[in-house]
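# Observations on chain architecture
Chain residues, written in single-letter form:
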Amino acid sequence: MENLLKSELKTTVLKLLGGSRGGCICQGQAYETDGGRVFVKSNTKPQARIMLEGEIASLREIQKTNTIRVPQPIKVMDLPGGGAAFAMEYIKMKSLNKYSAKLGEQMADLHLYNKENGEKLRKKEQTIGVGQTEPNYVDKFGFHQVTCYGNITQVNEWQNDWPTFFIRHRLQAQMDLIERDYGDRKARELWEQLKPRIPEMFHDMQIIPALVHGDLWSGNVAEDDYGPIVFDPSCFYGHSEFELAIAMMFGGFSSSFFSAYHSKIPKAPGFEKRNALYKLFNYINHWNHFGTEFRRPSLTVMQSLLK
């Protein structure tokens, strides 16, 4: 690893900083280099390159919005023994506390960015402008890069409407894994009943594609002396409400975060039911990652959505 990093990062200095940091997916380590401190995460699984390429694309997409701070991505490298590593800017982070409300505001800004670009584009089409840059507006749901949610590869093929994207590339993809690994009859029966009813939850809603972080749990947010930071994204253009489900599920976000967020993006009618639907995705994903302890909450949410 040392020789690889020296070569790829073009540094003569490579000094290990502190102990390694590992999550349930990747291992991480900080280094001092000629160009400053870097953080390197590595994964030896066959899909590691796909996972890390998805992350670097996600970080760059968030950076383009200039709404919220993320670590500066550097590059993805293949490991000699298989797998891949990803070097990025090292930021000395601490737990989110002082900047919780600021994070809520900035996440709302991130979610509004594409909508505001669309409004700018419409105004520009109504006026004659010379030499103006075109606002970058995305009018479909998906992402230009395959990403991973934990260990699970996600297809982000562009779709014209949100329910189609969410059912096909998120819920159905997760349920296919449950069927493959568990063959759970009750889950299958509930899903067959729920699936055709999901579009009803979006009836009369105009959903404009919003760039979402995609995995906004408390372990992927932090702060330093300058403000909030988000990292480990799995981005796509989707429904902004999707982002809030996992933030509400496992704690770590204060009421000031949600108040600040909803001051910019108020809850739309039917929010609670859709929030339960988005929590369902996360429960099923956890079932696929961590086993049957997440079976009961997955089935309970499906049953509640069918009432």
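Residues numbered from 1 in each chain as written. Predicted model: local features only at pLDDT ≥ 70, side-chain atom pairs only at ≥ 80, totals over all residues. Heavy atoms only, no water.

Put simply, the rule reads: UniProt positions are given in the numbering used here, feature names are shortened, and annotations may be inferred rather than shown by experiment.
Labelled according to an unreviewed UniProt entry, the protein appears under the name protein-ribulosamine 3-kinase, originating from Pantherophis guttatus. The Sequence similarities (unreviewed entry) field of the UniProt record for the protein holds the comment "Belongs to the fructosamine kinase family."

## Some points on the pattern of salt bridges
As a reminder, the rule being used: Each reported salt bridge corresponds to a side-chain nitrogen of Lys or Arg within 4 Å of a carboxyl oxygen of Asp or Glu. Here a strand is any run of E in DSSP of at least two residues, a helix any run of H or I of at least four, and the numbering for each starts at the N terminus. The cut-offs for exposure are 20% and 50% of the maximum accessible area for each residue type, with area from a 1.4 Å probe on protein chains only; residues under the lower value are buried, those over the upper are exposed, and the others partly exposed.
Applying the stated criterion across every chain yields a total of 18 salt bridges. Across the pair Glu61 and Lys64 runs a salt bridge, and its minimum N-O distance is 3.3 Å. Taken as a pair, Glu61 and Lys64 lie in helix H2 (residues 48-65) at a separation of 3 residues, close to a single helical turn. Its relative accessible area of 54% is what places Lys64 among the exposed residues. For Glu272, the salt bridge identified is with Lys267, shortest N-O distance 3.4 Å. For Glu272, a relative accessible area of 52% translates into the label exposed. A network of salt bridges, in which partner residues are shared, links Lys41, Glu55 and Asp232.

## Let's talk about the packing of aromatic side chains
Operational definition: Centres within 6.5 Å make a pair out of two Phe, Tyr or Trp rings, where for Trp the six-membered ring is used; the pair is then stacked when the planes are under 30 degrees apart, edge-to-face when over 60, and tilted otherwise. Here, a charge over a ring means that NZ of Lys or CZ of Arg falls within 6 Å of the ring centre while also lying within 35 degrees of the ring normal.
For the coordinates displayed, the defined rule picks out 21 aromatic pairs. Judged by centre distance (4.8 Å) and plane angle (50°), the rings of Phe253 and Phe257 are tilted. Here Phe253 and Phe257 have matching classes, each one buried. The aromatic ring of Phe236 is capped on one face by Arg170, whose charged end is 4.5 Å from the ring centroid.

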